[in-house]
Amino acid sequence: MEIIVSPFAGFCYGVKRAMEMAGRAAGKGPVYSLGPLIHNPRAVKELEARGVTVAQTLDDIPPEALVLFRTHGVEKETEEEARRRKLNIVDTTCPFVKTAQNKARFLHDKGYTVLIFGEKMHPEVRSLYSYTGGTARVMNSSDELGDESFKKAGVVSQTTRKRKAFSRFCAEVVRKSQETRVFNTICLATTERQEDAVRIAQKADFMIVAGGRNSANTRKLFDIVSEIKPAVLVESADELRVDELRKYDTIGITAGASTPDTTIRELTSRLKTYFGG
Ligand code: SF4
């Protein structure tokens with residue numbers, strides 16, 4: 001059996017940066033992250049073991065603690081409240097998410113109807129929404145535009161969306177508006193990872209996508225590759241039904257941006273133990 005592992009699998013720049021910042025903060029007294037730092041249960045557990053507690057709200061955080069803002073960013077009002085309470089903030093928001101927040105705010109300030117292409121309940125999208133004073137419209141596909149038309153429409157995307165779907169969405173907005181301004185806020189790491197996943201899926205007989213089920217970019221990767229080849233999404237090597245893979249000659253592995261390298265290594269070694277290669 002041949003195993004192809006995507007060189008783009010695993011922690012992206014933003015997640016690596018956040019994990020390093022959290023690692024430096026751990027051990028300096030009580031540390032809380034506001035929501036899980038990244039969308040990977042294993043990584044969050046490892047952080048917990050190092051003393052980083054997940055808090056649901058600011059009220060759960062004692063005043064003397066360090067508070068980590070997560071990679072996806074937090075809502076503007078939450079950040080303002082944390083500053084008002086004089087909490088010790090370590091802001092791990094990915095710089096690409098910060099850019100998307102700034103673009104959303106810019107469009108709002110310039111009087112555009114802001115359209116956010118993304119998942120309404122995703123923490124990153126909620127943070128983008130907050131930067132438009134709660135006025136943005138969040139849409140998951142161009143179908144949701146319905147019969148609407150716009151005088152001035154400004155578009156940003158959740159950083160982990162598929163590029164093609166975003167292009168389709170923007171084309172439809174252009175058709176419906178007198179003026180359109182688009183900021184492509186999809187991050188390059190996401191695009192490269194998705195393109196490489198397609199390349200591997202075209203060669204492989206079966207695809208394994210590793211990552212948290214609560215991770216939007218992992219689920220997107222799974223959607224992309226499962227349109228090309230049979231695929232499975234696993235959070236750990238233990239979930240793999242190795243016996244069912246016997247019929248395949250080539251297996252491709254890719255992973256979401258918040259998947260630790262350990263998970264990818266465990267998957268590869270599990271396959272090698274069973275099938276050699
Ligand atoms: S996927 Fe992109 S935007 Fe998201 S954390 Fe990673 S580098 Fe940042």
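Scroll up a little and you will see the structure.
First, a word on what this report is: a plain description of the structure on this page.

**What to know about the site of the ligand**
Okay, step 1: The environment of the ligand is formed by Cys12, Gly14, Thr71, Cys94, Phe96, Thr159, Cys187 and Thr190.
Okay, step 2: Of the pockets mapped on this structure, the ligand occupies the largest cavity.
Okay, step 3: Classifying every residue of the shell around the ligand by side-chain character gives four nonpolar, four polar and no charged.

**Regarding the pattern of salt bridges**
Okay, step 1: All chains considered together, the criterion is met by 19 salt bridges.
Okay, step 2: Among the ionic pairs, Glu75 bridges to Arg126, the shortest N-O distance being 3.4 Å. Here Glu75, found in the loop between β4 (66–69) and α3 (76–84), pairs with Arg126, found in helix α5 (residues 123–130); they are 51 residues apart in sequence, far enough to count as distant.
Okay, step 3: Residue Arg270 pairs with Asp238 through a salt bridge whose shortest N-O separation is 2.9 Å. Of this pair, Arg270 sits in helix α9 (residues 261–275) while Asp238 sits in the loop between β11 (231–234) and β12 (250–255), and the two are 32 residues apart along the sequence.
Okay, step 4: Using a relative accessible area of 28% as the deciding quantity, one classes Arg270 as partly exposed.
Okay, step 5: In this structure Asp238 comes out as exposed when scored by relative accessible area, which is 62%.
Okay, step 6: Each of Asp59, Glu81, Arg84 and Arg85 takes part in salt bridges that share partners, so that together they form one network.

Cut-offs used in this document
- Residues numbered from 1 in each chain as written.
- Predicted model: local features only at pLDDT ≥ 70, side-chain atom pairs only at ≥ 80, totals over all residues.
- Heavy atoms only, no water.
- Near = heavy atom within 4 Å.
- 1 Å grid on protein atoms, 1.4 Å probe; cavity = no way out; pocket = protein on both sides within 12 Å on 5 of 7 lines; lining within 4 Å.
- Sits in = over half its atoms within 2 Å of the grid points.
- Nonpolar A, V, L, I, M, F, W, Y, C, P; charged D, E, K, R; others polar.
- Salt bridge = Lys/Arg side-chain N within 4 Å of Asp/Glu carboxyl O.
- Helix = DSSP H or I, 4+ residues; strand = E, 2+ residues; numbered from the N terminus.
- Buried < 20%, exposed > 50% of the residue type's maximum accessible area, 1.4 Å probe, protein only.

It is worth stressing that arrangement in space is one thing and function is another; only the former is reported here.
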